[in-house]
Amino acid sequence: MYNRWKPQPFVEYNNQPMIATMTQHAGTQTNGVMGTPTMKAWGLTRSFGSGDTKSYALRNVSLELYAGQLTLLMGPSGSGKSTLLAVLSGLLHPDSGTVLALDQDLWAISERAREDFRLKNCGFIFQGYNLFASLSARQQMEMVLRWGSGASAREARERTDEMLTMLGLAKKAELRPLQLSGGEKQRVAIGRALIKNPGFVFADEPTSALDWKHGQHVIELLRASAHDQGSTILVVAHDSRIIPFVDRVLHLEDGILYEGSEKPLELFGDNPVQSGF
């Protein structure tokens, strides 16, 4: 049966958007012991070009992601963040390495099996929105529920109306992408990703087109999806204001992944210096 999750109401407090029932301090974990990772990757390498023009976006990257955890991936432009997101989500084949998601080796199964895995388990928020030009905001979300989750027409309509209201888009429900602003299109894309309550959410700069009022609300929705629904969420972003709302921060620089404030020596070549930000 389709698993209904009713998002918490959007309220205003001192002109700041908040999830009404979220009482735990941002940045703390609600899941206690992390347990078994829902996604585990190791030895990931991805390059582009060849010969003198060859460059590496990922260099022997390994990581584990957990259910109920909102993880933020930060790094300079061109550091490989979007590439890593695509490799982990089964959209871009690595040169080498392994990605295990729910005990499935994503790069050992067929393309059809990967598509089926993404359909059943993943929600995506792309920088370029990737909305269907001919569909209204409501239809973008209803389609996911009807054909992706097998919900009835009535259930899809009710759930979509809840999400549109949560995102402040109730009055824009019948508009198509060309009739929406950039921020409104971004919110539709976010609602489409979350509406089926996916096990994994991969978000590439989800707040980039939003003012901070709506951006904070979106991050709180992602955080609620992780903590309340047990989703595994990986967010790529440059905005440091997001940090207090996440459980974990990873850094990617020159294709090298690390956690914490101290950069690995590989980033300094033959002349290591004291790291810092």
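To be clear, the structure that these remarks concern was listed above.
Residues numbered from 1 in each chain as written. Predicted model: local features only at pLDDT ≥ 70, side-chain atom pairs only at ≥ 80, totals over all residues. Heavy atoms only, no water.

> Account for the pattern of salt bridges, with residues named and values stated.
For the structure shown, the criterion picks out twelve salt bridges. One salt bridge in this structure joins K120 and D116, with 3.2 Å as the shortest N-O distance. Taken together, the positions of K120 and D116, both in helix α2 (residues 111-121) and four residues apart, correspond to about one turn of that helix. K120 gets classed as exposed once you look at its relative accessible area, which sits at 57%. The partly exposed category is assigned to D116, whose relative accessible area is 33%. Residues R248 and E259 are paired through a salt bridge, measuring 3.2 Å at the closest nitrogen-oxygen approach. Highlighted residues: R248 in strand β11 (residues 248-253) and E259 in strand β12 (residues 256-259), separated in sequence by eleven residues. (Salt bridge = Lys/Arg side-chain N within 4 Å of Asp/Glu carboxyl O. Helix = DSSP H or I, 4+ residues; strand = E, 2+ residues; numbered from the N terminus. Buried < 20%, exposed > 50% of the residue type's maximum accessible area, 1.4 Å probe, protein only.)

> Describe the sheet that holds β12, and please don't skip the residues or the numbers.
In any sheet, the strands associate via hydrogen bonds between backbone groups, in a parallel or an antiparallel arrangement. Ordered in space as β8-β9-β10-β5-β11-β12, the six strands form an open sheet in which the pairing is mixed. One side of each edge strand has no neighbouring strand; the edge strands of this open sheet are β8 (122-125) and β12. The sheet shows a mean angle of 20° between the axes of neighbouring strands, taken without regard to direction. Pairing analysis gives four bridges linking β11 to β12, with the strands arranged antiparallel. Within β12, the position partnered with H251 by the bridge is Y258. Running at roughly 155° to strand β9 (residues 200-204), helix α1 (residues 81-88) makes contact with β5 (69-74), β9, β10 (232-236), β11 and β12 of the sheet. Sitting on the sheet, helix α5 (residues 182-194) touches β8 and β9, and the angle it makes with β8 is about 170°. (Pairing = 2+ DSSP bridges. Axes fitted to C-alpha atoms, helices over the stretch in contact; angles between N-to-C directions. Contact = heavy atoms within 4.5 Å.)

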